[in-house]
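# Close look at the chain arrangement
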Amino acid sequence: MEPHEPDLTSVPVTAVLAALADDVRLQIVRALAEGGEAPCGSLDFGVSKATRSHHLRVLREAGLTRTRAAGTSRLVRLRRDEVDKLYPGLLNAVLAPRAE
């Protein structure tokens with residue numbers, strides 16, 4: 001069974017912003033932006049497997065990621081082109097290094 005991945009245009013911008021407002025989800029988005037597609041299990045940021053699954057679901061349901069099956073693994077990638085087209089500059093602003 002494939003996970004539900006909404007059309008990004010049907011997702012309210014508030015859901016996208018809320019998904020990006022969590023530190024762990026932001027780390028996941030950063031990792032995907034830098035490294036491309038990755039197995040779900042490799043996105044370990046000091047949280048339990050259940051918590052990681054929750055964060056990945058929130059990102060997927062907000063339209064920020066796409067998940068595909070590869071054998072027994074699930075690979076996740078950032079929907080960068082789609083997000084950039086609908087919300088130009090959003091990911092660049094969120095992923096930019098913070099000024100000190």
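Higher on the page you've got the structure.
The numbering scheme is per chain: residues are counted from 1 as the chain's sequence reads. Per-residue local features are limited, in this predicted model, to residues with pLDDT of at least 70; the limit for side-chain atom pairs, both in listing and counting, is 80 or more; totals at the level of whole chains, interfaces and linings are taken over all residues. Only hydrogens and water are set aside; all other atoms, that is, all heavy atoms of the structure, feed into the side-chain values.

### Side note on the side chain of His-55
- Among the structural elements, His-55 can be located in helix α3 (residues 49-61).
- The buried category is assigned to His-55, whose relative accessible area is 7%.
- Every residue in contact with His-55, bar those within four places of it in the chain, is listed here: Asp-22, Val-24, Arg-25 and Ile-28. The way it works is that DSSP assigns letters per residue, a run of H or I at least four long becomes a helix, a run of E at least two long becomes a strand, and they are numbered from the N terminus. Summary of the burial criterion: residues with accessible area below 20% of their type's maximum are buried, those above 50% are exposed, and those between are partly exposed, where the area comes from a 1.4 Å probe applied to protein chains only. Here, two residues are considered to be in contact whenever any of their heavy atoms come within 4.5 Å of each other.

### Some details on the sheet that holds strand β3 (residues 73-78)
- The rule for pairing is simple: two strands pair if DSSP sees at least two bridges between them. One open sheet holds the three strands; their spatial order is β1-β3-β2, and the pairing between them is antiparallel. The sheet is open, and its two borders are formed by β1 (38-39) and β2 (65-70), each paired with just one other strand.
- Sheet topology places β1 next to β3; two bridges connect them, and they run antiparallel. Looking across to β3, one finds that Ala-38 is bridged to Val-76.
- Orientation is described by lines fitted to C-alpha atoms, with helices fitted over the stretch in contact, and by angles between N-to-C directions that extend from 0 to 180 degrees. Of the strands in this sheet, β1, β2 and β3 are in contact with helix α2 (residues 23-35), which crosses β3 at around 85 degrees.

### As for the environment of Leu-64
- Summarising the element assignment, Leu-64 is placed in the loop between α3 and β2.
- Here the alpha-carbon distance between Leu-64 and Val-83, two residues 19 residues apart in the chain, equals 6.9 Å.
- When neighbours within four sequence positions are excluded, Leu-64 is seen to be in contact with Val-16, Ala-19, Leu-20, Leu-59, Arg-77, Leu-78, Arg-79 and Val-83.

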